[in-house]
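Here is what each chain is made of, one letter per residue.
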Amino acid sequence: MADAVQTLGDSTFERMKAMILDGTLEPGARLSEKKFADHLGVSRTPVREAIGQLISEGLAVRGAGGTPVVNSVSLGDIMEILHVRSLLECEAARKAAISGQSDEEIKALRVEVAAILEGPPPSASEHTALDMKLHFAIACMAGSKLLIELIEGLKTKTRMYDQGSIPDRLIPGCHEHLAIIDAITAKAPEQAAAAMKEHLANVRAAIIAHIYHPF
């Protein structure tokens, strides 16, 4: 019984998290246990657990009177997140190139990225999923559990301003991803780190441009 409740809580968390990351729930939106229990067709207990997880991940906060609301990420926050990501992910790319682990997985991801450049553009959700998978795979190749957890958490927060919201980043981002992958498969650690640094610097510039010039 406990396992079933836990599974339902995890499912509820993932559904609410997805609504935050795809913009369905905007910053400041109230997270009412009753409202979401009714909307998701579950009891209030898994919703309460999900809200607790969202708060622990920084995607929600306690507002006035303790009411949980969707967190807002300021420009300063996202710039700090990207700075830390650059430090961590450049090191991950460097270690991935040295380790040589999961070569087949990274090569398969290269095929998926290259296919975007040759075929019809993917949906925002499809592109986001591939982007997350690639960055996570590189972190895994680095061989550090802590590094994986930190990168995954920061990458999730960056998704509030991801390429799905900035269409102009789709094609350039693919070319940057290919450069990172090629450096890793060539066992060129410094080149891999430099390619990752350039990629995240371009993400940073695109986010700033999008915020100040959204149309």
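What counts, and at which threshold
Residues numbered from 1 in each chain as written. Predicted model: local features only at pLDDT ≥ 70, side-chain atom pairs only at ≥ 80, totals over all residues. Heavy atoms only, no water. Core = buried A, V, L, I, M, F, W, Y, C linked by side-chain atoms within 4.5 Å. Buried < 20%, exposed > 50% of the residue type's maximum accessible area, 1.4 Å probe, protein only. Helix = DSSP H or I, 4+ residues; strand = E, 2+ residues; numbered from the N terminus. Axes fitted to C-alpha atoms, helices over the stretch in contact; angles between N-to-C directions. Left-handed = near helix turned anticlockwise from the far one by under 90°. Contact = heavy atoms within 4.5 Å. Nonpolar A, V, L, I, M, F, W, Y, C, P; charged D, E, K, R; others polar. Salt bridge = Lys/Arg side-chain N within 4 Å of Asp/Glu carboxyl O. Expected span 1.5 Å × (residues − 1). pLDDT = per-residue confidence, 0-100.

Colleague: I keep staring at the nonpolar core and nothing clicks. Help me out?
Modeller: Most often, soluble globular proteins keep nonpolar side chains buried together rather than apart. Of all hydrophobic cores here, the largest spans 40 residues; its most connected members are Ile78, Ile106, Ile138, Ile184 and Met196. Broken down by secondary-structure element, the contributors of at least two residues to this core are helix 4 (75-99), helix 5 (103-118), helix 6 (124-142), helix 7 (145-158), helix 8 (170-185) and helix 9 (189-212). Examining the composition of this core, we find that 10 residues originate from one element, helix 4, more than from any other. One finds Phe13, Leu21, Leu25 and Leu40 within the second-largest nonpolar core, a separate group that totals 18 residues.

Colleague: Could you clarify how one ought to interpret the packing of helix 2 (residues 33-40) against helix 3 (residues 44-56) in this entry?
Modeller: Each packed pair of helices is defined by two parameters, the angle between the axes and the distance between the axes. Orientation of helix 2 relative to helix 3, taken along the N-to-C sense of each, is 115°, at an axis distance of 9 Å. As helix 2 runs across helix 3, the sense of the crossing is right-handed. In this structure, helix 2 uses Glu33, Lys34, Phe36 and Ala37 to contact helix 3, whose residues at the interface are Arg44, Val47, Arg48 and Ile51. Counted by class, the contact of helix 2 with helix 3 contains 4 nonpolar, no polar and 4 charged residues.

Colleague: For this particular structure, what's the right way to read unusual backbone geometry?
Modeller: The phi angle of most residues is negative, glycine excepted, and most peptide bonds adopt the trans form. A positive phi angle, close to 60°, is found at Lys187, a residue other than glycine. Mapping Lys187 onto the fold places it in the loop between helix 8 and helix 9. Judged by relative accessible area, Lys187 falls into the partly exposed class, the value being 39%.

Colleague: Teacher, can you tell me more about the pattern of salt bridges here?
Modeller: Close approach of charged atoms allows side chains with opposite charge to pair. In this structure the tally under the stated criterion is 11 salt bridges. In this structure, Glu190 engages Arg94 in a salt bridge whose closest nitrogen and oxygen atoms are separated by 3.2 Å. Taken together, the residues Glu190 in helix 9 and Arg94 in helix 4 connect sequence positions 96 residues apart. In this structure Glu190 comes out as exposed when scored by relative accessible area, which is 52%. A salt bridge links Glu176 to Arg169; its shortest N-O distance comes to 2.6 Å. The pair Glu176 / Arg169 is uniform in exposure class, with both members buried. Via salt bridges that share partners, Glu33, Arg44 and Arg48 belong to a single interconnected network.

Colleague: Sorry, what's going on with helix 8 here?
Modeller: Residues three or four positions apart in an α-helix share a direction because the helix packs 3.6 residues into each turn. Here helix 8 is 16 residues long and its end C-alpha atoms lie 22 Å apart, about the 22 Å a rise of 1.5 Å per residue gives. Every buried residue belonging to helix 8 is among Leu170, Gly173, Cys174, Glu176, His177, Leu178, Ile180, Ile181, Ala183 and Ile184, and all of these are buried. A positive backbone phi angle near 60° is found at Lys187, which sits one or two residues after helix 8.

Colleague: Even after reading the chapter, I still don't get the confidence of the model for the protein chain, so can you show me in this structure?
Modeller: Detailed reading of the predicted model is not advised wherever pLDDT is low. Averaged over all residues, the pLDDT of the protein chain equals 86, while 90% of them reach at least 70. Confidence scores differ between elements of the protein chain, with helix 1 (residues 2-21) showing the lowest mean pLDDT of 77 and helix 8 the highest of 95. This model gives residues 1-5 a pLDDT under 50, and the stretch forms 1 contact once residues within four places in sequence are excluded.

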